[in-house]
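Survey of secondary and tertiary structure
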Amino acid sequence: MAQIAPEPEQIEELLKGPAEGPVVMVNLLRFKKEADAPDEGLSGQEAYGRYGAQMVQWVTSQGARLIWSGQVDSMVIGDTDEYFHAIALMEYPSRAEFLRIISDPRVAEYSVHRTAGLDMQWLIATTTTAELAQAPSEEGADD
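Below, the structure is looked at part by part. (Residues numbered from 1 in each chain as written. Predicted model: local features only at pLDDT ≥ 70, side-chain atom pairs only at ≥ 80, totals over all residues. Heavy atoms only, no water.)

Regarding the nonpolar core
Soluble globular proteins tend to bury their nonpolar side chains together. The condition that has to hold: Note on terminology: a nonpolar core comprises buried Ala, Val, Leu, Ile, Met, Phe, Trp, Tyr and Cys residues joined through side-chain atoms within 4.5 Å. Throughout this description, buried means an accessible area under 20% of the type-specific maximum (1.4 Å probe, protein chains only), exposed means over 50%, and partly exposed covers the range between. Strands here mean DSSP runs of E at least two residues long; helices mean DSSP runs of H or I at least four residues long; both are numbered from the N terminus. Contact between two residues is taken to exist if any of their heavy atoms lie within 4.5 Å; hydrogens are not considered.
Counting residues in each nonpolar core, the largest one holds 21 residues, and the members touching the most others are M55, W58, V59 and Y92. For this core, the leading source of residues is helix 2 (residues 44-61), giving five residues. Contact partners of W58, with chain neighbours within four places excluded, come to I101, D104, R106, V107 and Y110.

Quick look at the structure:
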């Protein structure tokens, strides 16, 4: 089975990022065709949807926000054997707040549906930067 929970080393790496300011978590999700217990009879996506509805309500009550979510419908650039069904972007006030929010006992309660429906997840922590969106200066235009 593919990884759907972070390893301790991955949490350590997360905490090496900027302590101040928001972190946007990029969720790349692949669902099981059929959900496991306690969601037998549902698709993996339907089971994950039960988790997602509860999580979004919880995290937004704690100061985080869902920026965007959507279905993957095609790969335009890239060559990989990995594929995902959906992507979601969640913004947390900080990395420490992300860990506090997801460590709450409620999350373990909601996560039975996540585990029942999720085949694989990549969770990528990102920090906002303006550098990629800036036009090159005249001085460096020929570089």
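Quick word on the pattern of salt bridges
Two side chains of opposite charge can pair, provided their charged atoms sit close to one another. Under the convention used in this document: Each salt bridge in this description consists of a side-chain nitrogen of Lys or Arg and a carboxyl oxygen of Asp or Glu lying within 4 Å of one another.
Tallying each qualifying case throughout the model produces eight salt bridges. A salt bridge links D119 to R30; the nearest nitrogen and oxygen atoms lie 2.9 Å apart. Note that D119 is positioned in strand 4 (residues 118-126) and R30 in strand 1 (residues 23-31), a separation of 89 residues in sequence. A residue is classified by how much of its surface remains accessible, and D119, at 24% relative accessible area, is partly exposed. Note that R50 is salt-bridged to D39, the shortest N-O span being 2.7 Å. Highlighted residues: R50 in helix 2 and D39 in the loop between strand 1 and helix 2, separated in sequence by 11 residues.

Section: unusual backbone geometry
The omega torsion across A37 and P38 is 10°, close enough to zero to call that bond cis. If you trace the backbone, P38 turns up in the loop between strand 1 and helix 2.

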